[in-house]
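Chain by chain, the residues run as shown.
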Amino acid sequence: MERILLVLSDFIALTICFVVAFWVQFHSGLIADKFDPTRSFGDYWQVGLVLNIGWIVLFVCAGLYRSWLLMSRTHQILRVLRAVVIGVVLVIICLFGAEFIGKFVENQPISKGYIYGSRFPWIFIYGGCAMMLVASFRMLIYLFLRGLLRLGYGANNMLVLGATEAGKKIAEALAKTPARGQRVVGFVDERFQVIPHDFAGVPVLGKYSDLPSLVKKYKVSGIIIAHDSASPQEIMRVLVWVCELPLHIYIVPELYGVVNGQFKANLVYGFELQELFAFTMPPWQVQVKRIIDIVFGAFLGLCSLPVCLFAAIAIKLDDHGPIFYSQERIGLYGKPFTVYKFRTMRTDAEKFGAQWATKKDPRITRIGHFLRKTRIDELPQILCVLKGDMSMVGPRPERAVFISQLREQIPFYISRLKMKPGLTGWAQVRHHYDTSIEDVQIKLQYDMYYYENMSLLLDFQILVRTVYVVLTGKGAQ
C-alpha cells in the first residue's frame, strides 16, 4: 500500500508541476519570448506523460520506493531533492546536450541570451516545483499512514527474545509508540517451560528452537534480542536459527558490546536498537545489479556458445557419459533451485553419498580437470542467472546436505542465505574450491565481507579478478 500511494502521489505531483511550468512559459507572460496564449496543453500532454514515466524510473533507481515509514523524514526529503537535481540535470542534457556539443565542436560562443532566453527558465521552474510538491505530497501520505498505525492498522509483527527486564522495556516502549509500526506479538525464551506464559501483558510463545515456526505462524518481520544476560555463544546460537529467514534482526545497545567486532550493525532511527546483518547496498544499485545480471549474462552466454559446444563434445568423447550435471542447491533465504554444470566427474562419483572435492580427486575425469581449471564447467549456470535464481556475483550456492552439516559446525554459516548465490564471488576469487571445514570457514569470512560491503564497484572488481582466475587457473581444484 505504501509504495502504491507513493507512486500515485509522485505522478500527481509531477503532473501538476508540468501544468504549472507550461502555464508559466506560454500563458503567464513571465517569459516574454515564450508567451503564446494560442498554445494548448492538449498538444503537450504526451511530453508530460513521458517525463513523468522517466521521473518514476529515476525514483525507482534512487530507492525512493522502499519503505520509508519508519525512517527519518529529513533523510527522505534530502533523497528526494538529490533525485530531482539529478533529474533536472538529465533533462538539460537531453534538451541541450547535442546543441552545446555542436557549438563546442564548431568553436561557437554560447551567449547568455541563448541560455536565459531558451527553455532554461521553464526547466528550473519545473524542477523547483517538483522538489516542493513531491516532498510535500510524500509527507502528507506519511501523516496519513502514521495515523493508520496509531489506530492499529498495518503494524509489523515483532518477537522479543528474552522475557527479561530489557525485553519488557522494549515491549512497553513499542506499545506506547504505535506510529513506529512495530507490534510485539510475543516473547521467546529458553525458560519457556518454567516461566509464566504471559509476561508484561504479552504471551511467551516458545523457545529459540521454535523461532522458524513462530515466524511463519505470526508473520513476523523482525526479532529483537533483549536477553540482558546473554553470552556471545548464546546469541550466536539464536542467530543460527534465524539467519536464513527474511527478518530484520535487532539487538539492544547493552548487548551490542557482546557481539561488537563480529557484525556490522546499523543504528535504528528513532529508537535505541541496532540492526545486525543490515543490507547496506543502495536500492538503485540493487536494480542496476539485476540489469547487469541479465545483460552481462546474456552476452556471456552468447559469446561462450562455441566454448560450450567444445566442452560438450569433449565430455562425450572422454567417457560417453551425460554432458550436463544437475543438482539441487539452496538459494536466497533457503529457496531451493536446480543448478546446471558441465559434468567433470565420473557418473558414479557420489555412489557413497555427498563428498568434498579433494586435491587430485580421482573422481574427476580427464577433460574435467581442464574444465575446472578454466571454470568452463560453471558456464551453464548462466541459465540460473537469467532466471533470477543466481546473480553474476555472490556466494557459491551450496547443497542442502552440506548446509545442514555446516550450520551446526560453523557459527553464522547460514547467514550466507541472506545473499543471492553467484556465478563468481569474492570468496571464489580469493580462495580455492572447498576441500575441508577449514576452507569453508575461510570462505565464509570472505562471503560476509562481501555482504557487508556489497556494491557495484566491488562486483566489478570481482568480475575483473574472475577473468584473471580463469586465464591463470588460480584456485582451481
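Residues numbered from 1 in each chain as written. Predicted model: local features only at pLDDT ≥ 70, side-chain atom pairs only at ≥ 80, totals over all residues. Heavy atoms only, no water.

Caption draft 1: The arrangement of the overall build of the protein chain in detail. Each helix and strand counted, the protein chain has 17 helices and twelve strands in total. Within the protein chain, the proportion of its 477 residues that are buried is 48%. Within the protein chain, contacts between residues separated by at least 24 positions form 70% of all contacts whose residues are at least 6 apart in sequence. Accessible area for the protein chain stands at about 24100 Å²; split by element, carbon and sulfur atoms hold 65% of it. (Helix = DSSP H or I, 4+ residues; strand = E, 2+ residues; numbered from the N terminus. Buried < 20%, exposed > 50% of the residue type's maximum accessible area, 1.4 Å probe, protein only. Contact = heavy atoms within 4.5 Å. Areas by Shrake-Rupley, 256 points an atom, 1.4 Å probe, with all protein chains shown as cover.)

Caption draft 2: Looking closely at a nonpolar patch on the surface. Residues F11, V19, F41, W45, L49, I53 and V57 make up a contiguous nonpolar surface patch of about 590 Å² in total accessible area. Residue assignment for the nonpolar patch shows that the elements contributing at least two residues are α1 (2-26) and α2 (45-61). When residues of the nonpolar patch are assigned to their parent elements, the largest contribution, four residues, is made by α2. The topology assignment puts I53 in helix α2. Looking at I53, the relative accessible area reads 47%, which means it is partly exposed. (Patch = residues over 30% accessible without salt bridge, like charges linked within 9 Å, V, L, I, M, F, W, Y side chains within 5 Å. Salt bridge = Lys/Arg side-chain N within 4 Å of Asp/Glu carboxyl O.)

Caption draft 3: Structural view of the packing of aromatic side chains. Scanning the entire structure with this criterion turns up eight aromatic pairs. Look at F310 and F370: their rings are 6.4 Å apart centre to centre, the planes differ by 85°, and that puts the pair in the edge-to-face class. With F310 in helix α11 (residues 305-319) and F370 in helix α12 (residues 366-374), this pair connects stretches of sequence that are 60 residues apart. The exposure class assigned to F370 is partly exposed, which follows from its relative accessible area of 37%. Each member of the aromatic cluster is reached from another via a ring pair, and the members are F18, W55, F59, Y65 and Y126. (Phe/Tyr/Trp six-rings, centres within 6.5 Å; stacked < 30°, edge-to-face > 60°.)

Caption draft 4: How the structure looks around the environment of T280. Mapped onto the elements, T280 comes out in the loop between β8 (274-276) and α10 (283-303). Look at T280 and you get partly exposed, because its relative accessible area is 29%. Separated by 174 residues in sequence, T280 and M454 place their C-alpha atoms 7.2 Å apart.

Caption draft 5: Here's a closer look at the pattern of salt bridges. If you walk through the whole model with that rule in mind, you get eight salt bridges. Residue R343 pairs with D319 through a salt bridge whose shortest N-O separation is 2.6 Å. With R343 in the loop between β10 (336-342) and α12 and D319 in helix α11, the pair connects residues that are 24 residues apart, well separated along the chain. Judged by its relative accessible area of 30%, D319 is partly exposed. Ionic pairing is found between E378 and K341, a salt bridge with its closest N-O pair at 3.7 Å. Highlighted residues: E378 in the loop between α12 and α13 (382-387) and K341 in strand β10, separated in sequence by 37 residues. One salt-bridge network, in which partners are shared between bridges, spans K341, D377 and E378.

Caption draft 6: Molecular detail of the packing of α1 against α2. Contact geometry of α1 with α2 gives a least axis separation of 10 Å together with a crossing angle of 140°. Viewed along their axes, α1 and α2 adopt a mutual orientation that is oblique. Note on packing geometry: the crossing formed by α1 with α2 is right-handed. Between α1 and α2, the contacting residues are V7, D10, F11, L14, T15 and F18 on the first element and V47, G48, L49, L51, N52, W55, I56 and F59 on the second. Broken down by class, the residue content of the contact of α1 with α2 amounts to ten nonpolar, three polar and one charged. (Axes fitted to C-alpha atoms, helices over the stretch in contact; angles between N-to-C directions. Parallel < 35°, antiparallel > 145°, perpendicular 65-115°, else oblique. Left-handed = near helix turned anticlockwise from the far one by under 90°. Nonpolar A, V, L, I, M, F, W, Y, C, P; charged D, E, K, R; others polar.)

Caption draft 7: Examining the packing of α11 against α12 more closely. Their axes nearest at 9 Å, the elements α11 and α12 cross at an angle of 155°. When the interaxial angle is binned, α11 and α12 end up roughly antiparallel. Contacts between α11 and α12 involve F310, A311, A314, I315 and D318 from the former and R366, I367, F370 and L371 from the latter. Tallied by class, residues from the contact of α11 with α12 come to seven nonpolar, no polar and two charged.

Caption draft 8: Main features of the pairing of strand β6 (residues 248-251). The sheet contact formed by strand β5 (residues 220-225) and β6 spans four bridges and is parallel. For I225, the partnering residue across the bridge sits in β6 and is I251. Note that β6 and β8 share three bridges and pair antiparallel. Within the sheet, the bridge partner assigned to I249 lies in β8 and is L276. (Pairing = 2+ DSSP bridges.)

Caption draft 9: Structural view of helix α17 (residues 456-472). Compared with an ideal rise of 1.5 Å per residue, which puts 17 residues at 24 Å, α17 spans 24 Å between its outermost C-alpha atoms and is within 8% of the ideal. All buried positions along α17 are accounted for by L456, L458, D459, I462, L463, T466 and V469. The buried residues of α17 all sit within an arc of 145° when viewed along its axis, so they share a single face. Along α17, the residues that are exposed and aim more than 90 degrees away from the buried face are L457, F460 and L471. (Expected span 1.5 Å × (residues − 1). Arc of directions from axis to C-beta.)

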